[in-house]
Amino acid sequence: MVDVMTLTSLEEVIICSHSKSYGELEFVQKLSKCNATSLKKLVTVHDNERFRVHVESNEVTEIRTLYPPNVKVEFYVI
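Presented here is an overview of the structure given in this document. Since the model is a prediction, treat every value here as computed from it, not as a measurement. (Residues numbered from 1 in each chain as written. Predicted model: local features only at pLDDT ≥ 70, side-chain atom pairs only at ≥ 80, totals over all residues. Heavy atoms only, no water.)

## Points about the overall build of the protein chain
- Along its length, the protein chain carries 3 helices and 3 strands.
- Its helices and strands in sequence order give the protein chain the pattern β-α-β-α-α-β, from N to C terminus.
- Counting the 78 residues in the protein chain, one finds 35% classified as buried.
- Restricting the contact set of the protein chain to residue pairs at least 6 apart, pairs at least 24 apart contribute 80%.
- Accessible area of the protein chain: about 5300 Å², with a carbon and sulfur share of 53%. (Helix = DSSP H or I, 4+ residues; strand = E, 2+ residues; numbered from the N terminus. Buried < 20%, exposed > 50% of the residue type's maximum accessible area, 1.4 Å probe, protein only. Contact = heavy atoms within 4.5 Å. Areas by Shrake-Rupley, 256 points an atom, 1.4 Å probe, with all protein chains shown as cover.)

Laid out in structure tokens, this is it:
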């Protein structure tokens, strides 16, 4: 476990998932607490229809509010 993480050069994060996992959401929440000053875009792509419930829920809206307005947050279920 790392208490402080600095990712000053990180500009884009893409997370692809093939299963129903809450680990990705937890990672996204932890990433919001990192010092990623260059982060411009966060994308999660899931190919599992069961994940759609979480994408359309308040849980996703809460994740968007963790990031500053200049970070584009996108969620996709294919």
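## Considering the pattern of salt bridges
- One pass over the full model with this rule turns up 3 salt bridges.
- The residue Lys-41 makes a salt bridge to Glu-74 at a minimum N-O spacing of 4.0 Å. In this pair, Lys-41 is assigned in strand 2 (residues 41-46) and Glu-74 in strand 3 (residues 72-77), connecting sequence segments 33 residues apart.
- Judged by its relative accessible area of 27%, Lys-41 is partly exposed.
- For Glu-74, a relative accessible area of 11% puts it in the buried group.
- Where salt bridges share partners, they join Lys-41, Lys-72 and Glu-74 into one cluster. (Salt bridge = Lys/Arg side-chain N within 4 Å of Asp/Glu carboxyl O.)

## Quick notes on the nonpolar core
- Leu-31, Leu-39, Leu-42 and Tyr-67 are the most contacted members of the largest nonpolar core, which has 14 residues in total.
- Elements represented by at least two residues in this core include exactly strand 1 (12-17), helix 1 (23-31) and strand 3.
- Considering each element in turn, this core owes the most residues, 3 residues, to helix 1.
- When near neighbours in sequence (up to four residues on either side) are disregarded, Leu-31 contacts Leu-7, Leu-10, Val-13, Leu-39, Leu-42 and Tyr-67. (Core = buried A, V, L, I, M, F, W, Y, C linked by side-chain atoms within 4.5 Å.)

## A short note on the sheet that holds strand 2
- The parallel open sheet is built from 3 strands, whose spatial order is 1-2-3. Strand pairing shows two members of the sheet lacking a second neighbour, strand 1 and strand 3, which therefore form its edges. Across the sheet, the mean angle separating the axes of adjacent strands is 10° when strand polarity is ignored.
- Against the sheet, helix 1 engages strand 1 and strand 2, with an angle of about 165° to strand 1. (Pairing = 2+ DSSP bridges. Axes fitted to C-alpha atoms, helices over the stretch in contact; angles between N-to-C directions.)

## Section: helix 1
- Listed in full, the buried residues belonging to helix 1 are Glu-24, Leu-25, Val-28 and Leu-31. For helix 1, the arc enclosing every buried residue in end-on projection is 125°, short of the 170-degree limit, so these residues lie on one face. (Arc of directions from axis to C-beta.)

By themselves these figures say nothing about function.
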